[in-house]
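Here's the letter readout for the chains.
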There are 2 protein chains.
Amino acid sequence: MALPNGPVAASSEAEAVLFDLVDVYDRAYEAAAAELSLTSAQACLLGRLDERRGMGALAEELGCDASNITQIVARLEALGLVTREPHPRDRRARLVARTSRGDEINRRFAAAFTFARTAVGRLSPDEQDQLTALLRKALG
Amino acid sequence: MALPNGPVAASSEAEAVLFDLVDVYDRAYEAAAAELSLTSAQACLLGRLDERRGMGALAEELGCDASNITQIVARLEALGLVTREPHPRDRRARLVARTSRGDEINRRFAAAFTFARTAVGRLSPDEQDQLTALLRKALG
DNA sequence: CCATAATACTTGATTCACTCAAGCAAGCAA
DNA sequence: TTGCTTGCTTGAGTGAATCAAGTATTATGG
């Protein structure tokens with residue numbers, strides 16, 4: 001989704017700024033991924049592999065079909081960023097793990113995605129706490 | 001992008017809650033669109049047509065290639081939600097406008113996308129102002 | 001006034017994300 | 001061992017998105 005996810009006419013200022021935030025965040029994420037020739041989905045998946053895990057677990061965590069994970073992992077594997085090791089106890093299952101090159105790319109992605117860091121960094125520690133509290137309350 | 005756009009390891013709580021917010025927002029937007037058998041991109045584009053406008057203007061506003069707009073508009077047109085009228089003065093240009101059915105669907109989409117409204121509604125007026133101010137500052 | 005450039009959009013080709021339905025192999029349970 | 005479930009893959013299909021070309025049409029400079 002490169003197109004912004006927001007109504008043009010928000011019914012309050014808070015809603016409008018929320019929309020702006022989401023839009024800028026998403027674009028920044030995609031741009032950071034693109035710097036490393038990754039798609040958002042690839043960068044996202046790579047970021048979930050601090051520990052190796054099964055395809056099913058990834059699908060559940062990311063809220064999509066397992067066959068989607070199969071494909072994204074296949075592309076990451078083709079790029080040499082990920083391996084699919086056999087599960088030691090269950091021969092049906094595969095464990096996805098980052099390669100050392102995958103670690104490196106993931107590290108560089110985290111460095112490239114400065115938006116959240118920068119945005120939060122514009123606030124004082126007190127303000128950061130306020131923001132956290134407000135967003136938590138808003139999220140319900 | 002249905003996959004969440006966020007690093008697993010945020011370096012602060014504020015970052016983590018920001019990520020949560022973006023994730024939930026995006027999913028809610030997509031779900032609301034799906035209720036009306038629309039994609040996010042279609043719902044988004046439909047929402048920008050309170051006044052009719054040219055393809056180029058839409059592409060610029062949404063930050064994507066004009067040919068992408070051509071396709072999305074074509075699908076919306078096939079659904080009877082949008083028309084492509086000839087521009088009165090410039091015969092190269094087309095003006096995209098919602099049909100009455102498009103208006104209706106857009107209205108229903110706005111009603112279905114409750115997330116931002118609900119989230120903001122959990123805050124008192126004062127808190128809403130605080131949130132707005134904090135996010136504006138964070139956005140720079 | 002005409003040749004040329006710029007504009008506005010469309011078409012075609014390609015990649016990727018995503019979903020669903022089917023399938024296969026391996027584990028599990030009666 | 002029969003049959004169900006689990007874990008993943010394959011195949012088919014849709015849609016978003018980009019890029020390169022192409023077609024009109026408008027604008028411009030000599």
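Residues numbered from 1 in each chain as written. Chains lettered and ligands numbered in written order. Predicted model: local features only at pLDDT ≥ 70, side-chain atom pairs only at ≥ 80, totals over all residues. Heavy atoms only, no water.

## Some words on the overall build of chain A
The number of helices and strands found in chain A is seven helices and three strands. Scanning chain A from its N terminus toward the C terminus, one meets helices and strands in the order α-α-β-α-α-β-β-α-α-α. The dimensions of chain A, computed from C-alpha atoms along their principal axes, are 55 × 30 × 25 Å. Residues classed as buried in chain A amount to 45% of the 140 residues present. When the accessible area of chain A is evaluated, it comes to approximately 7,000 Å², of which 49% is carbon and sulfur surface. Taking the 18 positively charged and 20 negatively charged side chains of chain A as two groups, their mean positions are separated by 9 Å. (Helix = DSSP H or I, 4+ residues; strand = E, 2+ residues; numbered from the N terminus. Buried < 20%, exposed > 50% of the residue type's maximum accessible area, 1.4 Å probe, protein only. Areas by Shrake-Rupley, 256 points an atom, 1.4 Å probe, with all protein chains shown as cover. Lys, Arg positive; Asp, Glu negative; His and termini not counted. Charge placed at Lys NZ, Arg CZ, Asp CG, Glu CD.)

## A word on helix 1 (residues 13-35) of chain A
With 23 residues, helix 1 of chain A ought to run about 33 Å at 1.5 Å a step, and its terminal C-alpha atoms sit 33 Å apart, in line with that. Just past helix 1 of chain A, the residue Ser37(A) takes up positive phi, approximately 60°. (Expected span 1.5 Å × (residues − 1).)

## Structural notes on the interface of chain B and chain A
Taken residue by residue, the interface counts 55 residues in chain B and 55 residues in chain A. Summing both partners gives a buried area of about 5,200 Å² for chain B against chain A, and 68% of it is carried by carbon and sulfur. Inspection of the chain B/chain A interface yields four salt bridges. A salt bridge links Glu127(A) to Lys137(B); its shortest N-O distance comes to 2.9 Å. Counting across the chain B and chain A interface gives eight residue pairs in polar contact (both at pLDDT 80 or more). Elements represented by at least two residues in the side of chain B that touches chain A include exactly helix 1 (13-35), helix 2 (40-47), helix 3 (55-62), helix 4 (66-78), helix 6 (115-121) and helix 7 (125-139) of chain B. When residues in the side of chain B that touches chain A are grouped by element, the largest group, 14 residues, is from helix 1 of chain B. The class makeup of the residues in the side of chain B that touches chain A is 30 nonpolar, twelve polar and 13 charged. (Contact = heavy atoms within 4.5 Å. Buried area = accessible area lost by both parts, 1.4 Å probe. Salt bridge = Lys/Arg side-chain N within 4 Å of Asp/Glu carboxyl O. Polar contact = N/O pair within 3.5 Å; in protein donor to acceptor, adjacent residues only side chain to side chain. Nonpolar A, V, L, I, M, F, W, Y, C, P; charged D, E, K, R; others polar.)

## Some remarks on the relation of the copies chain B and chain A
Each of the two chain copies can be generated from the other by rotation about an axis followed by a shift along it. Expressed as a screw operation, the relation of chain B to chain A combines 0.0 Å of axial shift with a rotation of 180°, fitting to an RMSD of 0.0 Å. What the superposition gives is, in effect, a two-fold axis relating one chain to the other. Most of the interface of chain B is mirrored in chain A, where 98% of its interface residues are also at the interface. (Least-squares fit on C-alpha atoms with pLDDT ≥ 70 in both.)

## Let's talk about the protein's contact with DNA strand C
DNA strand C sits among 27 residues. The nearest are Thr39(A), Arg75(A), Ala2(B), Gly56(B) and Arg84(B). Restricting attention to atoms of DNA strand C within 4 Å of the protein, one finds that 68% of them are sugar or phosphate atoms. Between Ser67(A) and DNA strand C, the recorded distance is 2.6 Å, taken from a side-chain N or O atom to a base nitrogen. Leu3(B) places a polar main-chain atom, nitrogen or oxygen, 2.9 Å from a phosphate oxygen of DNA strand C. Looking at the surface near DNA strand C, the element that brings in the most residues is helix 4 (residues 66-78) of chain A, giving five residues. Residue composition of the surface near DNA strand C, by class: eight nonpolar, nine polar and ten charged. (Near = heavy atom within 4 Å.)

## Quick look at unusual backbone geometry
All names here are of chain A. One non-glycine residue, Ser37, lies in the positive phi region at around 60°. Inspection of the secondary structure assignment puts Ser37 in the loop between helix 1 and helix 2 (40-47). On the basis of relative accessible area, Ser37 is assigned to the exposed category, the value being 63%.

## A short note on the pattern of salt bridges
This structure, assessed with the given rule, holds 22 salt bridges over all chains. It is possible to trace a salt-bridge network through shared partners that takes in Arg48(A), Arg53(A) and Glu61(A).

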